[in-house]
Amino acid sequence: MTASHIEEHSSEFHEPHWMREMRVKSFEFLLQRGIPDFKKCKIPEIPFQNLSFQFSKKMPKEIPIKKNPPKGSSGKIVMEDERVRSTALAPEYLEQGVVILPFTSALLERADLLEVYLSSLSSKHFYSALSDAFFENGYLMYVPEGVQIEEPFQIEVTQKSSEVQFSQCVII
């Protein structure tokens with residue numbers, strides 16, 4: 001795995017330039033920093049040059065937002081193996097501009113929101129940099145200023161795969 005692999009993946013998925021830069025910067029931080037030295041546990045060095053990270057080869061399909069969230073909730077996101085499988089949001093919140101999108105769709109449709117929050121992140125820790133460099137799944141939930149969501153919002157996450165996956169869940 002090299003920075004060029006990350007750049008290729010980012011380019012294939014038409015990620016914005018700032019996203020590609022954030023990924024590469026995070027990856028370079030990993031290489032410089034190395035795994036933290038925890039006194040009481042021995043974690044071996046990660047040989048990034050020998051690893052094969054498997055980015056998805058295709059964009060996830062579009063997930064329509066259902067307008068019938070579970071009773072007593074304002075909405076729900078269901079994630080399985082770090083991929084958004086379904087979303088539901090009460091119609092009144094859709095009308096007020098609340099947005100729920102799988103992360104890959106959000107990068108294409110609402111990059112303006114993500115750039116403000118993600119490009120300002122600076123990975124100062126090994127594991128957050130690892131996630132920033134390699135995540136490809138998750139979701140964006142945006143609630144416009146002045147909109148109040150009165151009922152709970154449900155997020156259901158299950159992991160059936162034995163593979164390590166990284167996701168970003170951004171709530172603005």
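Each chain carries its own residue numbering, running from 1 in the written order of its sequence. Local features in this predicted model are restricted to residues of pLDDT 70 or higher, and side-chain atom pairs are both shown and tallied only at a pLDDT of 80 or more, whereas totals for entire chains, interfaces and linings draw on every residue. In computing side-chain values, all of the structure's heavy atoms are included and hydrogens and water are not.

A. Representation of helix H6 (residues 126-134). For H6, a buried count of seven out of nine residues is recorded, marking the element as mostly surrounded by other parts of the structure. Each residue is assigned to one of three classes by its accessible area relative to the maximum for its type, calculated with a 1.4 Å probe on protein chains only: buried under 20%, partly exposed between the two thresholds, exposed over 50%. Counting from the N terminus, the helices are the DSSP runs of H or I reaching at least four residues and the strands are the DSSP runs of E reaching at least two. For H6, the set of buried residues is Phe126, Ala129, Leu130, Ser131, Asp132, Ala133 and Phe134. In this description, contact between two residues means that some pair of their heavy atoms is separated by no more than 4.5 Å. For H6, the elements touching its buried residues are helix H1 (3-12), helix H2 (17-33) and strand E7 (167-171).

B. Quick look at a nonpolar patch on the surface. Any residue with relative accessible area above 30% and no salt bridge may belong to a patch, with like charges joined within 9 Å and the nonpolar Val, Leu, Ile, Met, Phe, Trp and Tyr side chains within 5 Å. A 1.4 Å probe and the Shrake-Rupley method give the accessible areas. Residues count as covered only by the protein chains that appear here. Criterion for a salt bridge: a side-chain nitrogen of Lys or Arg within 4 Å of a carboxyl oxygen of Asp or Glu. Taken together, the side chains of Ile155, Val157 and Ile171 make up a nonpolar region of the molecular surface, amounting to roughly 270 Å² of accessible area. Positionally, Ile171 belongs in strand E7. Take Ile171: its relative accessible area is 54%, and that puts it in the exposed class.

C. Region of the structure containing the side chain of Arg23. Looking at the secondary structure, you find Arg23 in helix H2. What makes Arg23 buried here is its relative accessible area of 1%. Within the local environment of Arg23, its side chain forms a polar contact with the backbone oxygen of Ala133, the two atoms lying 3.1 Å apart. Any pair of nitrogen or oxygen atoms within 3.5 Å is treated as a polar contact; in protein, a donor-acceptor pairing is required on top of that, and neighbouring residues in sequence qualify only through side-chain atoms on both sides.

D. Spatial organisation of the packing of H2 against H6. As a rule, the C-alpha atoms of each element are fitted with a line to give its axis, helices using only the stretch in contact, and angles between N-to-C directions run from 0 to 180 degrees. Viewed as axis vectors pointing N to C, H2 and H6 meet at an angle of 140°, and their least axial separation amounts to 8 Å. Taken together, H2 and H6 sit at an angle that is classed as oblique. Crossing hand, H2 versus H6: left-handed. Contacts between H2 and H6 involve Met22, Arg23, Ser26, Phe27, Phe29 and Leu30 from the former and Phe126, Ala129, Leu130, Asp132, Ala133 and Phe134 from the latter. Classification used: nonpolar for Ala, Val, Leu, Ile, Met, Phe, Trp, Tyr, Cys and Pro, charged for Asp, Glu, Lys and Arg, polar for all others including Gly. Grouping the constituent residues of the contact of H2 with H6 by class yields nine nonpolar, one polar and two charged. These descriptions rest on fixed angle ranges, namely under 35 degrees for roughly parallel, over 145 for roughly antiparallel, 65 to 115 for roughly perpendicular, and the rest for oblique. Throughout, a crossing is termed right-handed when the near helix is turned clockwise from the far one, and left-handed when it is turned anticlockwise from it by less than a right angle.

E. Summary view of the packing of aromatic side chains. Any two rings among Phe, Tyr and Trp, with Trp reduced to its six-membered ring, count as a pair given centres within 6.5 Å; such a pair is stacked if its planes are under 30 degrees apart, edge-to-face if over 60, and tilted if neither. Here the structure, examined in full by the defined rule, presents zero aromatic pairs. Lysine and arginine charges are scored as sitting over a ring when NZ or CZ, respectively, is within 6 Å of the ring centre and within 35 degrees of the ring normal. Looking at Arg110, its charged tip hangs above the ring of Tyr142, at a distance of 5.8 Å from the centre.

In short, the description is geometric, and any link to function would need to be established separately.
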